[in-house]
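Fold and geometry: a report
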Amino acid sequence: MPLIEFVSAIVGFVLTLMVFSYLIGDTPLFRIAVYLFIGVASGYAAAVIVNDVLLARLQSLPLGDPALLVIGLIPFLLAITLLAKLFPRVAWLGNFAMAVLVGVGAATALAGALTGTLIPQAEAAVDAVDPRSLTGLAGGGVMLIGTAGTLAYFHFGAKRAADGTVKRNAAVEALAWVGRLFIAVTLGVVFAGVYTAALTALIERLNSLMLFIKSILGL
Amino acid sequence: MMRVLTAALAIASGIIVLLGYFLRQAFPLFEQLRLLLTDWAVVIAAAAVLVGILNLVSVQMEKLRNRQPGGLYGALLVFALVITFGLGLVFGTDHPFLRAAMDAVIVPVEASLLAILAVTLVYASIRLLRRRADLMSVIFLLAMLLFLIAAMPKPFGPIPLVDQLILDLTGILSTAGARGLLIGVALGTLLTGLRVLFGMDRPYGGN
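Conventions and cut-offs
Residues numbered from 1 in each chain as written. Chains lettered and ligands numbered in written order. Predicted model: local features only at pLDDT ≥ 70, side-chain atom pairs only at ≥ 80, totals over all residues. Helix = DSSP H or I, 4+ residues; strand = E, 2+ residues; numbered from the N terminus. Rg over C-alpha atoms; globule rule 2.2 N^0.38 Å. Buried ≥ 20, exposed ≤ 12 C-beta atoms within 10 Å, placed from the backbone. Contact = placed C-beta atoms within 7 Å. Expected span 1.5 Å × (residues − 1). Domains from an automatic or database assignment. Nonpolar A, V, L, I, M, F, W, Y, C, P; charged D, E, K, R; others polar. Axes fitted to C-alpha atoms, helices over the stretch in contact; angles between N-to-C directions. Parallel < 35°, antiparallel > 145°, perpendicular 65-115°, else oblique. Left-handed = near helix turned anticlockwise from the far one by under 90°. Core = buried A, V, L, I, M, F, W, Y, C linked by C-beta atoms within 7 Å.

**What about the overall build of chain A?**
Looking only at helices and strands, chain A features 6 helices and 2 strands. Going residue by residue from the N terminus, the α and β elements of chain A occur as α-α-α-α-α-β-β-α. For chain A, the C-alpha radius of gyration of 28 Å lies well beyond 17 Å, the compact-globule estimate for 219 residues. Over its C-alpha atoms, taken along the principal directions, chain A stretches across nearly 70 × 65 × 45 Å. Within chain A, buried positions represent 31% of all 219 residues. Looking at chain A alone, contacts between residues at least 24 apart form 27% of all its contacts between residues at least 6 apart.

**Looking at the overall build of chain B**
A tally of helices and strands in chain B yields 6 helices and 0 strands. Its C-alpha atoms give chain B principal-axis dimensions of about 65 × 55 × 40 Å. Residues classed as buried in chain B amount to 28% of the 207 residues present. Sequence separation of at least 24 residues holds for 29% of the intrachain contacts in chain B that already meet a minimum separation of 6.

**So, helix 6 (residues 162-197) of chain B**
For helix 6 of chain B, with 36 residues, the first-to-last C-alpha span of 51 Å sits near the 52 Å given by 1.5 Å per residue. B:Gly199 sits one or two positions beyond helix 6 of chain B and adopts a positive phi of about 75 degrees.

**Observations regarding the domain arrangement of chain B**
Residue and element names in this part refer to chain B. Assigned domains of chain B: these are domain 1 (1-91), domain 2 (92-131) and domain 3 (134-207). Each of domain 1 and domain 3 has a C-alpha centre, and the two are 31 Å apart. Between domain 1 and domain 3, the contact holds 7 residues from the first and 7 residues from the second.

**Details of the interface of chain B and chain A**
At the junction of the two partners, chain B supplies 97 residues and chain A supplies 101 residues. Those elements that provide at least two residues to the side of chain B that touches chain A are helix 1 (2-22), helix 2 (28-65), helix 3 (71-91), helix 4 (96-131), helix 5 (135-151) and helix 6 of chain B. The element contributing the most residues to the side of chain B that touches chain A is helix 6 of chain B, with 21 residues. In terms of residue class, the side of chain B that touches chain A is made up of 75 nonpolar, 20 polar and 2 charged.

**Concerning the packing of helix 1 of chain B against helix 2 of chain B**
Residues and elements named next belong to chain B. Packing of helix 1 against helix 2 brings their axes to within 7 Å, and their N-to-C directions diverge by 130 degrees. When the axes of helix 1 and helix 2 are compared, the pair comes out oblique. Two packed elements cross with a definite hand, and for helix 1 against helix 2 that hand is left-handed. For the pair formed by helix 1 and helix 2, the contact residues are Ser13, Ile16, Val17, Leu19, Gly20 and Tyr21 on the first element and Phe30, Glu31, Leu33, Arg34, Leu37 and Thr38 on the second. Here the residues of the contact of helix 1 with helix 2 are counted per class, giving 7 nonpolar, 3 polar and 2 charged.

**A short note on the environment of A:Ala107**
Assignment of secondary structure puts A:Ala107 in helix 4 (residues 95-127). On the neighbour-count criterion, A:Ala107 (29 C-beta atoms within 10 Å) is buried.

**Focus on the nonpolar core**
Core analysis: the biggest nonpolar cluster contains 58 residues, and A:Ala97, A:Val100 and B:Ile44 have the highest contact counts within it. Apart from the residues within four sequence positions on either side, A:Val100 is in contact with A:Leu78, B:Leu9, B:Ser13, B:Trp40, B:Ala41 and B:Ile44. Judged by nonpolar contacts, the second largest core, of 21 residues, contains A:Ala176, A:Val185, B:Leu146 and B:Leu173.

**Some thoughts on the packing of helix 4 of chain A against helix 1 of chain B**
One way to put it is that helix 4 of chain A packs onto helix 1 of chain B with a least axis distance of 8 Å and a crossing angle of 30 degrees. By the angle between their directions, the pair helix 4 of chain A and helix 1 of chain B is classed as roughly parallel. Between helix 4 of chain A and helix 1 of chain B lies a crossing whose hand is right-handed. Judged by residue contacts, A:Asn95, A:Phe96, A:Ala99, A:Val100, A:Val102, A:Gly103, A:Val104, A:Ala106, A:Ala107, A:Thr108, A:Leu110 and A:Ala111 of helix 4 of chain A engage B:Met2, B:Thr6, B:Leu9, B:Ala10, B:Ile11, B:Ser13, B:Gly14, B:Val17, B:Leu18 and B:Tyr21 from helix 1 of chain B. Residue composition of the contact of helix 4 of chain A with helix 1 of chain B, by class: 16 nonpolar, 6 polar and no charged.

Structure, rendered in structure tokens:
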């Protein structure tokens, strides 16, 4: 095994044990491992951003065309103004860059939500109902009721009743109750999925610990 | 004046991007402007992440200077960050040193954190039944257990019909619920985006 791989295997082994020490409590060993992780991950992210995003785009600027060069430099000027956010007195300078970022982000999210989620999911909810067969009708109908119920659960529009209490419409209330059942099952299945992933990671980590010990002992 | 300028900038850039999405066939210019603005946003977002990391460093250094509890952990964080960033800047992110940092620190710690989640999730499930033993909690845990029984490999192999029945049933119910949640999230995103584009919400500091 090359030296660099051997060292990284030892460090990985020790860090795994340090993270596992959390099972007996929030120990200093766990904290050291987590702070080290955040430091390395942040440093790596910063290096990727500088090398692969900022420097790469700066190098691709068209130096021979002044008009395109100015357009290409605008985002970098805005990016520099963002540094002002670190200093409260001049933090307002970064608002222009944030405005562009928020405006573009909001429009992209809006278009993405509409074309990527809302329309396809609404179509899929309707398409699931197949009136040509009983199973298609029943399965699709249950799914349609579940989808409508889940949405109704998050509908908080209410009216004031004659006795002064604020109540939701009875039909919406009933649909919302059905929706709660579907939400409970959905979250249960999602929980099971996360648990399966966590269990897989646990098995992989225990296996890697055993393999490392075996390789050290020459077994 | 500043408020108006920043709001106008956000609204204008948002509307141009939206026009680029929906009128790309009729007006190709809007599509080009959308791509240009998205490219600008990528550079600004990258700088925003760097500002966030700089803020992380300054907060940890402040903790160390004021001798607050956990200051030494912060020093370790800053040290690891500076070394990794420096190596990445000098040698590039594909260098074996950076790969070793991934293999030695990032991958094992991420996998181990996910692994201890297996234990904490079981603990959380038990606590849920102790604290809130109502119908929804029971349905939640029952769905989880049934799905795990049906989906996980068993020493005696799959149970004929039963496994498939459970997977089909939980599949129909959870797809319906997930679809409702997804549509709800999309509606929320839509409204939030519209509020920003109408200038009702100004998270860029224009209030």
